[in-house]
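# Chains, contacts and geometry: an overview
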Amino acid sequence: MEQKKSRFSNWMRNSITARMLVVGFLLLVLLIPLEFVKSLINERAYRQEEVVKEINEKWGNEVLLSGPIVKIPYKVISEEKIFNEKSNSYYTKTKETVENAYFFPDKLNIVSQVDTKPLNRSIYESVVYSAAIDVKGNFPKIDFSDTDIADENILWEKAIVLLKTSNLKGIKTTPIVNLASESLLMTPQYSTEYLNTIQSNYIANAKEMFVEPLAFSFDLKINGSESLKFLPIGKETDATMKSNWHSPSFDGNFLPEDTNKEISEDGFTANWRILQINRQFEQSFFGHLPDLSSSSFGTKLIIPVDEYQKSERTAKYGFMVIGLTLLVFLLIQLVSKIYIHPFQYVMIGLALVMFYTLLISISEHSNFFKAYAIAAFSVLALITVYSRAILKGFKFPLLICGSLASLYGFIYVIIQLENYALLVGSIGLFLILAIIMFASRRIDWNNE
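Definitions and limits used
Residues numbered from 1 in each chain as written. Predicted model: local features only at pLDDT ≥ 70, side-chain atom pairs only at ≥ 80, totals over all residues. Heavy atoms only, no water. Helix = DSSP H or I, 4+ residues; strand = E, 2+ residues; numbered from the N terminus. Rg over C-alpha atoms; globule rule 2.2 N^0.38 Å. Buried < 20%, exposed > 50% of the residue type's maximum accessible area, 1.4 Å probe, protein only. Contact = heavy atoms within 4.5 Å. Areas by Shrake-Rupley, 256 points an atom, 1.4 Å probe, with all protein chains shown as cover. Lys, Arg positive; Asp, Glu negative; His and termini not counted. Charge placed at Lys NZ, Arg CZ, Asp CG, Glu CD. Expected span 1.5 Å × (residues − 1). pLDDT = per-residue confidence, 0-100. Polar contact = N/O pair within 3.5 Å; in protein donor to acceptor, adjacent residues only side chain to side chain. Phe/Tyr/Trp six-rings, centres within 6.5 Å; stacked < 30°, edge-to-face > 60°. Salt bridge = Lys/Arg side-chain N within 4 Å of Asp/Glu carboxyl O. UniProt positions renumbered as here; feature names shortened; annotations may be inferred. Core = buried A, V, L, I, M, F, W, Y, C linked by side-chain atoms within 4.5 Å. Axes fitted to C-alpha atoms, helices over the stretch in contact; angles between N-to-C directions. Parallel < 35°, antiparallel > 145°, perpendicular 65-115°, else oblique. Left-handed = near helix turned anticlockwise from the far one by under 90°. Nonpolar A, V, L, I, M, F, W, Y, C, P; charged D, E, K, R; others polar.

Attention now goes to the overall build of the protein. The helix and strand tally for the protein stands at 9 helices and 16 strands. Over its C-alpha trace the protein gives a radius of gyration of 35 Å, far above what one expects of a compact globule, namely 22 Å for 448 residues. Taken over the C-alpha atoms alone, the protein extends approximately 115 × 65 × 40 Å along its principal axes. Buried positions account for 43% of the 448 residues belonging to the protein. Look at the contacts in the protein between residues 6 or more apart in sequence, and 77% of them connect residues 24 or more apart. As displayed, the protein offers around 24,800 Å² of accessible surface, 56% of which is attributable to carbon and sulfur atoms. Across the protein, the mean location of the 44 positive side-chain charges is 14 Å away from that of the 46 negative side-chain charges.

The next subject is helix H5 (residues 318-336). Since there are 3.6 residues in each turn of an α-helix, residues three or four apart along the chain are aligned in direction. In this model, H5 (19 residues) spans 27 Å end to end at C-alpha, consistent with the 27 Å of a helix rising 1.5 Å per residue. Most of H5 is tucked away: 14 of the 19 residues are buried. Remark: Lys337 follows H5 within two positions and exhibits a positive phi of approximately 65°.

What follows deals with the confidence of the model for the protein. Close reading of the predicted structure is inappropriate where its pLDDT is low. Per-residue confidence for the protein gives a mean pLDDT of 84; residues scoring 70 or more make up 92%. When pLDDT is averaged over each element of the protein, strand E11 (residues 236-243) comes out on top at 94 and helix H1 (residues 2-14) at the bottom at 57.

Looking now at helix H7 (residues 368-391). End to end, H7 covers 33 Å across 24 residues, agreeing with the expected 34 Å (1.5 Å per residue, within 8%). Three or more residues of H7 are buried, namely Phe368, Ala371, Tyr372, Ala375, Ala376, Val379, Leu380, Ile383, Thr384, Ser387, Ile390 and Leu391. On its buried face, H7 is in contact with helix H4 (307-315), H5, helix H6 (342-363) and helix H8 (395-416). The N-cap of H7, judged by a side-chain oxygen 3.2 Å from the amide nitrogen of Phe369 a few residues on, is Asn367. Directly beyond the C-terminal end of H7, a positive phi value near 55° is found at Lys392.

In this section: the packing of aromatic side chains. For any two aromatic rings, the description comes down to two numbers: the centre-to-centre distance and the angle of the planes. Summed over all chains, the structure comprises 21 aromatic pairs. Both rings, one in Phe104 and one in Phe281, keep their centres 6.1 Å apart while their planes meet at 85°; by these two values the pair is edge-to-face. Linking Phe104 in the loop between strand E3 (89-103) and strand E4 (107-121) with Phe281 in the loop between strand E14 (267-275) and strand E15 (284-286), this pair joins segments that are 177 residues apart in sequence. According to the relative accessible area criterion, Phe281 is buried, its value standing at 8%. Ring geometry for Phe144 against Phe286: centres 6.2 Å apart, planes inclined by 75°, an arrangement best described as edge-to-face. Here Phe144 is found in the loop between strand E5 (124-139) and strand E6 (160-165), whereas its partner Phe286 is found in strand E15, with 142 residues between them in sequence.

Turning to the side chain of Ser363, a few remarks are in order. Among the secondary structure elements, Ser363 is positioned in helix H6. Filtering out sequence-adjacent residues up to four positions away, Ser363 remains in contact with Glu307, Ser311 and Ala371.

Enumeration according to the criterion identifies 11 salt bridges in this entry. A salt bridge links Arg44 to Glu364, with the shortest nitrogen-to-oxygen separation between them at 2.7 Å. A residue pair is termed long-range when its members are at least 10 positions apart, and Arg44 in helix H2 (residues 16-59) and Glu364 in the loop between H6 and H7 qualify at 320 residues. In this structure, the salt-bridge partner of Glu236 is Arg273, at a minimum N-O distance of 3.5 Å.

Another aspect to go through is the UniProt feature "transmembrane region" (unreviewed entry) in the protein. Those places that UniProt annotates as "transmembrane region" (unreviewed entry) correspond, in this numbering, to residues 317-336, 343-362, 368-386, 398-415 and 421-439. For residues 368-386, the helix share is 100%, the strand share is 0%, and the end-to-end C-alpha distance is 27 Å.

Here Asn178 lies in strand E7 (residues 176-179). Taking relative accessible area as the criterion, Asn178 reaches 29% and is therefore assigned partly exposed. A sequence separation of 58 residues divides Asn178 from Glu236, and the C-alpha atoms of the two residues are 20 Å apart. Ignoring any residue separated from it by four or fewer positions in sequence, one finds Asn178 in contact with Ser183, Ala215, Phe216 and Ser217. Polar contacts involving the side chain of Asn178 include one to the side chain of Ser183, which spans 3.1 Å.

The tendency in soluble globular proteins is for nonpolar side chains to be buried side by side. In terms of nonpolar packing, the biggest core is built from 64 residues, with Ile72, Ile133, Phe144, Leu179, Ile203, Phe210 and Leu228 touching the most fellow members. Per-element accounting of this core gives the leading share, 7 residues, to strand E10 (residues 214-230).

Here H5 crosses H8 at 160°, and the two axes come no closer than 11 Å. Looking at the two axes, H5 sits roughly antiparallel to H8. As H5 packs across H8, the resulting crossing turns out to be right-handed. Across the interface between the two elements, Met320, Val321, Leu324, Thr325, Val328, Phe329, Ile332 and Ser336 from H5 touch Phe396, Leu399, Ile400, Leu404, Leu407, Tyr408 and Ile411 from H8. Considering only residue class, the contact of H5 with H8 consists of 13 nonpolar, 2 polar and no charged.

Below is the structure:
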């Protein structure tokens, strides 16, 4: 029995196959704590989203704003035949309902000045903004002659102007729409729709006012976060947005004009020009005003660098880092004939896993580069000192230190790249494979 045990022990110590199986098994075992680290990164990222969402809700969420819309009610007269069982005959009943007609501006000009600032809670940060919006334009002559609505059924005395917005909470000034010489005070109306309604009091002498094109204007100050968008309801919609935010992401159904778009470290300026022919809806609606938010355009104001995303991308290379590092130790063991105990492989693997916990914890309080450098240096120093005690000398520990430093540097470069990440990663892995093949060519693989 002791002889069999001694033979198995010698096979485990001296067989290349046995040592490769042990290292492969330990690599699979080390994937368990690596998955825990990935779960931790996702948990912290989700916590960040919750905190940022809470900050934004209290300050003001994303803003989607329409220009002014004229709403004019009208009567719809219909006749319905009803059967009378007593007289065994039909009689006609006249039914009167009130519908609404909605008219959009001919010209709509929007100028917005967006000033951003960070809001912090604990270690988390959100970008919010205060926008000063100036809206001008003109309505067309409103004429029902091309419809089957009789003039006496048009309720001109109940005509109003309304605005649509996604963010009532963020409004800091009561909007007043100037319509020709009349000033209309806007008040909110109850609604469960995504776009809330702000409408004016009744327009005095509306029938006489809309016999010709009518100019309008209003200004609005509003707090928001994440994005600022507008609805292109004008037959010709021109919009200008200026901001001190340096990393805009132009969003929505229309992009700004390339000829006069400017983006710098001090902010951006963007201009849009959208014609009726560019969108898929008309200038007036009868009966129901549809949700036009899918045709919106504007800008997202977001933090461009997310440390958790970078940490998550780094952790995806964890299997490669642990596998290649253990492979280097295995090759050194085969070349130098120095025995490395499985427990020592586990300690090295756990040290490599600790890199990711250090990275995410430090990056929450510093920038990603500094966190990456500190975490990589700490793990490099630990593994180099530990391998010095295992391998008895300086040659192999320095080789391990250089290999691991090159690997961490290579991964950092890949993470920073966007368009060329796949290309650089593929070339790098090819070179790593070539080096391993070259280094292992003189090993006697017959010792099974």
